[in-house]
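# Structure assessment
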Amino acid sequence: MKFKVLSVAALVILSFCFSTVSAAEKTVETPKQQEERIESELNELFLTSMKTAAYRLDKTREVKPFGVIKKTDGTLGVFAAADSDEALNKMSVSEQSASVRRVLIELAAKKQITSSVMVMYSVVRQKGKDTQQGLMFEIEHADGISLMRFLPLTEKENSLDKESKRMVLELKALTTTVKPATVFARSIVQ
């Protein structure tokens, strides 16, 4: 008799577990949830790319074009146009950025990534203002978001070493604008 009670209880519990799993599978992401997911993913990528650029600036005082990707399995990756400094030095900056962009487009076309950031050093001239050096971030997501961010750099005195100046990222002067999709362009990805 006790066996029947236990088996009935087990069946009830199992049916409840299966019903919650199937309900979870049927749940569709709301537009707000999708927006929050994309924003979180792009913020994570931007922060990673900004930290990587700052590290490279601190070590070498230059930022050669590189890419940061979010793979479909959720992991992040960082890569440059070539594997070694020697190979990078043989390439022009235009060749390096074209190489990074080509890799990003190939990964997106194969649906191996969900979002990407391409980072490069840039000099920008805005109307009515002086030229400004900084970092350009081309940020894209497979769900259609495509942004460009410019983060100005300034040279300031180094209190520890009067002979060399230090590069400072001016976070308060960060600008963001919409740009056409290049990595996740519908014509390429489909």
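Preceding block: the structure.
To start, this report covers the structure provided alongside it. Here the residue numbering is sequential within each chain, running from 1 through the sequence in written order. For this predicted model, a pLDDT threshold of at least 70 governs which residues receive local features, and a threshold of 80 or more governs which side-chain atom pairs are given and counted, while totals over whole chains, interfaces and linings are taken from all residues. Processing note: side-chain calculations cover all non-hydrogen atoms of the structure and skip hydrogens and water entirely.

By size, the foremost hydrophobic cluster in this structure holds 18 residues, and its most contacted members are V63, V117, V119, L135, F137 and I139. Here a helix means four or more residues in a row that DSSP labels H or I, a strand means two or more in a row labelled E, and each is numbered from the N terminus. Listing elements by their share of this core, those giving two or more residues are α2 (31-60), β1 (66-71), β3 (113-125), β4 (131-141) and β5 (146-157). Ranked by the residues each element gives to this core, the list is headed by α2, at seven residues. It only takes one pair of heavy atoms within 4.5 Å for two residues to be counted as in contact. Residues in contact with I139, not counting those within four places in the same chain, are L42, F46, S116, V117, I145, S146, L147 and R149. Grouped together as the second largest cluster of nonpolar side chains are 16 residues, L88, V100, L107 and V183 included. Nonpolar cores are built from buried Ala, Val, Leu, Ile, Met, Phe, Trp, Tyr and Cys residues. Side-chain atoms within 4.5 Å join them into one set. Note on exposure labels: buried denotes an accessible area under 20% of the residue type's maximum, exposed denotes more than 50%, and partly exposed covers the range between, all computed with a 1.4 Å probe on protein chains only.

It is worth spelling out the layout of surface pockets at this point. Empty space among the atoms becomes apparent when a probe as large as a water molecule is rolled across them. When its volume is computed, the largest pocket comes out at roughly 240 Å³. What lines the largest pocket is a set of 15 residues, among which R56, T60, K64, D85 and L88 lie closest to the centre. Within the residue set of the lining of the largest pocket, elements represented by two or more residues are α2 and α3 (85-90). Looking at the lining of the largest pocket element by element, the count peaks at four residues for α2. When grouped by side-chain class, the residues that make up the lining of the largest pocket number six nonpolar, three polar and six charged. For cavity detection a 1 Å grid was placed over the protein atoms alone, and a set of points counts as a cavity when a 1.4 Å probe fits there but cannot get out; an open set counts as a pocket when protein lies on both sides within 12 Å along at least five of seven lines, with lining residues being those that have an atom within 4 Å of a point. Grid points are joined across faces, edges and corners, and a volume is the space filled by probe spheres set on the points. By volume, the second largest pocket amounts to about 200 Å³. Each residue receives one of three labels: charged for Asp, Glu, Lys and Arg, nonpolar for Ala, Val, Leu, Ile, Met, Phe, Trp, Tyr, Cys and Pro, and polar for the others, Gly being one of them.

Here we take up the environment of T52. Tracing the sequence through the fold places T52 in helix α2. The exposure class assigned to T52 is buried, which follows from its relative accessible area of 15%. Along the backbone, T52 and V68 are 16 residues apart, and their C-alpha atoms lie at a distance of 9.2 Å. The contact partners of T52, leaving out residues within four places of it in the chain, are F66 and V78. N or O atoms within 3.5 Å of each other form a polar contact, as long as, within protein, one can give a hydrogen and the other can take it, and as long as residues adjacent in sequence are counted only when both atoms are side-chain atoms. At 2.8 Å, the side chain of T52 and the backbone oxygen of T48 are in polar contact.

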